[in-house]
Amino acid sequence: MRVFSGIQPTGAIHIGNYLGAIKQFIELQETKECIFSIVDLHAITIPYKPQELQKNILEAAICYLAAGIDPEKSIIFIQSQVPEHTELAWLLGTVCPVGDLLRMTQYKEKSKQFKGKVGAGILNYPILMAADILLYKAELVPVGADQQQHVELTRTIARKFNKTFGQTFHIPQAKLPSRGAKIMALNNPKKKMSKSQPTGCLFIFDEPEEIERKISTAVTDSG
Ligand code: ATP
Ligand code: LTN
C-alpha cells in the first residue's frame, strides 16, 4: 500500500503537525511504501519571503529526519523539483468545479486572514494537493483533521476524471490519528494551532522552559 503526505515549509513545525501528521508518518513507514513531500508550491500561496522559504524548506527536512522519518524507509522530496505535480494540477483543474473550491474551509479562512493579498493560488490550492496524491496513485493520506476536506475533494476529482476519461486514478483515503487530529491554538481554543499564527504554537524545537511558560499561559478549558 502506498502512502503520500506533505507538509508546507511555512515555518517551524509545531505539536499539531507532529501529533496530526508526522507521528502517523513514522508509524506507517514501518509497513507501507511512504512518500513525504515538502510542499513548497503550496507554501507560496500565502505572502512569503523567498530567502525565508529556502531556510524553511531545509528546516522542514531537518524536522522530518529528527522526528524519525527514515530516508532508508521513506522517500522525502521537495514538491517543486518534480514538475509533474503542476502539470497534473492543470489537467485536474479542468474537471474541478470552481464552486467546490469556494466551499473549502481553508480557503475561506485563509482569504479572511490575508484579505487584500489573496491570489488565485489559495483557491486552486486543493487541486495541486489532489495532483500530489493522485500522481503517485497513493491509497492512504495521513493528515490532521483540517486537511480531511481536501482529501475528500481529491476523491471527488479522481472519480470525475475516471468517469469522464476512463479508469486512471486510485481513489485515496484520508487517515486521521485517533487522538490529536486537531490541536487547538494555545491562545485561542476555537482555532487550530497553525504555523502561520505562531503566537498560539508550541514548537517542537522550543526549549523546555519555553514550553512550560507557554502551557502555563494557555487558555484554560472552561469545562
Ligand atoms: P499553515 O499555518 O502554514 O497552514 P499548518 O500549521 O496548518 O501550516 P501544514 O503544513 O498545513 O501546517 O500541515 C501539515 C500537517 O499537519 C497536515 O497534515 C495538517 O493536517 C497537520 N496539522 C496542522 N495543524 C494541525 C493541528 N493544529 N492539529 C493537528 N494536525 C495539524
Ligand atoms: N495541504 C496540506 C499539505 C499537502 C498535502 C498534500 C497533504 C499538500 N499536498 C498531499 C497530504 C497530501 C496541508 O497540510 N496544509
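Scroll up to find the structure this text is about.
Residues numbered from 1 in each chain as written. Chains lettered and ligands numbered in written order. Predicted model: local features only at pLDDT ≥ 70, side-chain atom pairs only at ≥ 80, totals over all residues. Heavy atoms only, no water.

Visitor: Help me understand the layout of surface pockets, please; the structure alone is not making it clear to me.
Guide: Rolled over the atoms, a probe sized like a water molecule indicates the empty space that remains. Space inside the largest pocket adds up to approximately 990 Å³. Along the wall of the largest pocket there are 42 residues; nearest its centre are Gln 8, Gln 106, Asp 146, Gln 147 and Lys 192. For the lining of the largest pocket, the element with the highest residue contribution is helix α6 (residues 105-113), accounting for six residues. A per-class count over the lining of the largest pocket returns 13 nonpolar, 19 polar and 10 charged. (1 Å grid on protein atoms, 1.4 Å probe; cavity = no way out; pocket = protein on both sides within 12 Å on 5 of 7 lines; lining within 4 Å. Points joined across faces, edges and corners; volume = space filled by probe spheres on them. Helix = DSSP H or I, 4+ residues; strand = E, 2+ residues; numbered from the N terminus. Nonpolar A, V, L, I, M, F, W, Y, C, P; charged D, E, K, R; others polar.)

Visitor: What exactly am I supposed to notice about empty space enclosed by the protein here?
Guide: Under the counting rule described, the total for this entry stands at one cavity of 30 Å³ or more. Estimated volume of the largest cavity: approximately 40 Å³. In this structure, the largest cavity is lined by Leu 101, Met 104, Gln 106, Tyr 107, Ile 122, Leu 123, Tyr 125, Pro 126 and His 150. By residue number, the principal contributor to the lining of the largest cavity is helix α7 (residues 120-135), which donates four residues.

Visitor: Got a minute to help me understand the site of ligand 1 in this structure?
Guide: Around ligand 1 sit 22 residues, and of these Lys 110, Asp 146, Lys 192, Ser 194 and Ser 196 come closest. Within the contact set of ligand 1, an oxygen atom lies 2.7 Å away from a side-chain nitrogen or oxygen of Thr 10. Note that an oxygen atom of ligand 1 is positioned 3.1 Å from one of the side-chain N or O atoms of Asn 17. Burial of ligand 1 by the surrounding chains reaches 98%, relative to a free accessible area of 600 Å². (Near = heavy atom within 4 Å. Polar contact = N/O pair within 3.5 Å; in protein donor to acceptor, adjacent residues only side chain to side chain. Areas by Shrake-Rupley, 256 points an atom, 1.4 Å probe, with all protein chains shown as cover.)

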